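Read off the chains here:
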Amino acid sequence: MAQTEDPVPAPGADTAAMRPAFGPDLIGWGFAVLMLALASGRGWLGLGRDYLEYVDYYRRIPPFFSFQDTRFEPGFHLVAWVFANVLGLPFWSFASAVVLAALAVKAYLFRRYLTYPVAAMVVYLATFYPNQEYTQIRAAAAISFGMLAIHLFFGRRFVIAAAVAALAFTFHYSIVLLFGGFALAFALRRNLPSLVAVSVIGVLMAGAMLSGGGLNNVIITWFSTFNPLVGNYVDNIAAIDAASIWSVNNLIVIAIFGAAVAGGWLSDGRYRKCFTIMFGLSVVFVVVLGQSPIIAVRAKEMLLVAVVFAAFRTPLGRRDLAAVALIAANAALLLFLAVREGVILSST
């Protein structure tokens, strides 16, 4: 019997529709998002690893606007130029505004589409906030707009979805990895055996091509056309470790995907099915792009955010406990590592 695809946006038991448009709940969300944005912009949790680089970039923005005087993406650069030269505001206000937009979009999506938005936000903050909103603010904004575009696509608002996707691209070019993963997940959602076949064939083909450096060179060349520094940090040691399929974090993601499959997430409507496939593909991309570790890690970061949408979409039952427990354990581990490695709460 053919499966009916779940309606969007209503999650599970119509929880989102029951939430008031305005009230104490929304005020609480707004306050939390604002404080988190200010924490990033003001460096309340220590200086992020990219903070000083962004400050230096902001100070060097010339008074006459041009897309030729920066290596950053045009949308991000335009907003920075407006804050610096039109509004005359300091860097922290610009950074806070970017992070505020990124978190506000995610908060909207969590409240609008998920059954457990608070749990989703807590897991997101522990798992992704230190490395995204607190460090890679361009990527954080791009992922938010990218996820918004995907939800608009689900709602058949294709023109607006395309516009928002283009906006995401102007904040970080690597968002194409998220859209590529979503396109593949959407195509495979009706034929799950194809997912396994594509994954296995992709890994085998990548191994064959990477042995000669062909795919690696193509990937580096393509990304270098947008960011000339890619070639300089492809061999980043931290990225090489993170891109190893045998790293603890990647093994946990594999375990989460296995528990999700066992819990029936791939037969739970197109929304949950697509986002489950997406975060599963995050590890496949690590293998396929293993010879370009920075890009592999970026692909994983883009796609792994989907785990939050998959986990908290519908009311949880006993079959979901193993996957959700692993997701919580992964969030706790990544938060611990972010503190230990000085991503947040750094003394310098």
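Residues numbered from 1 in each chain as written. Predicted model: local features only at pLDDT ≥ 70, side-chain atom pairs only at ≥ 80, totals over all residues. Heavy atoms only, no water.

Asker: Before we move on, can you summarise the overall build of the chain with the specific residues and values?
Answerer: Counting secondary structure elements, the chain contains 18 helices and 0 strands. For the chain, the exposed area adds up to about 15,700 Å²; of that, 69% sits on carbon and sulfur atoms. (Helix = DSSP H or I, 4+ residues; strand = E, 2+ residues; numbered from the N terminus. Areas by Shrake-Rupley, 256 points an atom, 1.4 Å probe, with all protein chains shown as cover.)

Asker: I'd like a rundown of the environment of Pro63, residues and numbers included.
Answerer: With respect to the secondary-structure elements, Pro63 resides in the loop between helix 3 (51-59) and helix 4 (74-86). Owing to a relative accessible area of 55%, Pro63 belongs among the exposed residues under this scheme. C-alpha separation for the pair Pro63 and Val82, spaced 19 residues apart in sequence, amounts to 9.7 Å. Pro63 has contacts with Trp81 and Asn85, leaving out every residue within four places of it along the chain. (Buried < 20%, exposed > 50% of the residue type's maximum accessible area, 1.4 Å probe, protein only. Contact = heavy atoms within 4.5 Å.)

Asker: Please set out the packing of helix 3 against helix 5 (residues 91-113) residue by residue, giving values where relevant.
Answerer: With their axes 10 Å apart at the nearest point, helix 3 and helix 5 run at an angle of 115° to one another. In terms of crossing hand, the pair formed by helix 3 and helix 5 is right-handed. When helix 3 is examined against helix 5, the residues Tyr51, Tyr54, Val55 and Tyr58 are found in contact with a partner set consisting of Phe91, Trp92 and Phe94. Of the residues that constitute the contact of helix 3 with helix 5, the class distribution is 7 nonpolar, no polar and no charged. (Axes fitted to C-alpha atoms, helices over the stretch in contact; angles between N-to-C directions. Left-handed = near helix turned anticlockwise from the far one by under 90°. Nonpolar A, V, L, I, M, F, W, Y, C, P; charged D, E, K, R; others polar.)

Asker: Run through helix 6 (residues 117-127), naming residues and quoting values.
Answerer: Within helix 6, burial applies to Pro117, Ala120, Met121, Val123, Tyr124, Ala126 and Thr127. Buried residues along helix 6 sit in contact with helix 2 (24-42), helix 5, helix 17 (306-311) and helix 18 (321-340).

Asker: Tell me about helix 4, residues and numbers included.
Answerer: Between the first and last C-alpha of helix 4 there are 17 Å, a value that for 13 residues agrees with the 18 Å anticipated at 1.5 Å per step. Buried within helix 4 we find Gly75, Phe76, His77, Ala80, Trp81 and Phe83. Packing partners of the buried residues in helix 4 comprise helix 3, helix 5, helix 7 (137-154) and helix 8 (158-171). (Expected span 1.5 Å × (residues − 1).)

Asker: Got a sec to walk through unusual backbone geometry? Specific residues and values, please.
Answerer: Although it is not a glycine, Arg156 adopts a positive phi angle of roughly 65°. On the secondary structure map, Arg156 appears in the loop between helix 7 and helix 8.

Asker: Give me the nonpolar core: which residues, what numbers.
Answerer: In a soluble, globular protein the nonpolar side chains are often hidden away together inside. Within the largest apolar cluster, 99 residues are counted, with the highest numbers of intra-cluster contacts made by Met147, Phe275 and Met278. Once residues within four sequence positions are removed from consideration, Phe275 is found in contact with Met147, Ile150, His151, Phe154, Ala306, Phe309 and Ala310. (Core = buried A, V, L, I, M, F, W, Y, C linked by side-chain atoms within 4.5 Å.)

Asker: Give me the pattern of salt bridges: which residues, what numbers.
Answerer: A full pass over the atoms with the stated rule returns 11 salt bridges. Put simply, Arg60 and Asp56 hold a salt bridge, and the shortest N to O gap is 3.0 Å. Close ionic contact of Glu133 with Lys106 constitutes a salt bridge, the shortest N to O distance being 2.7 Å. With Glu133 in the loop between helix 6 and helix 7 and Lys106 in helix 5, this pair connects stretches of sequence that are 27 residues apart. Since its relative accessible area comes to 3%, Lys106 is described here as buried. One network of salt bridges, in which partners are shared, links Asp268, Arg272, Arg319 and Asp320. (Salt bridge = Lys/Arg side-chain N within 4 Å of Asp/Glu carboxyl O.)

Asker: Describe the environment of Asp69, naming the residues involved and giving the relevant values.
Answerer: On the secondary structure map, Asp69 appears in the loop between helix 3 and helix 4. On the accessibility criterion, Asp69 (35% relative accessible area) is partly exposed.

Asker: Could you give an account of a nonpolar patch on the surface, naming the residues involved and the relevant values?
Answerer: On the surface, Val86, Leu87 and Leu89 cluster together into a nonpolar patch covering about 250 Å² of accessible area. Position of Leu87 among the secondary structure elements: in the loop between helix 4 and helix 5. Assessed through its relative accessible area of 47%, Leu87 is described here as partly exposed. (Patch = residues over 30% accessible without salt bridge, like charges linked within 9 Å, V, L, I, M, F, W, Y side chains within 5 Å.)

Function cannot be inferred from these measures alone, as they are strictly geometric.
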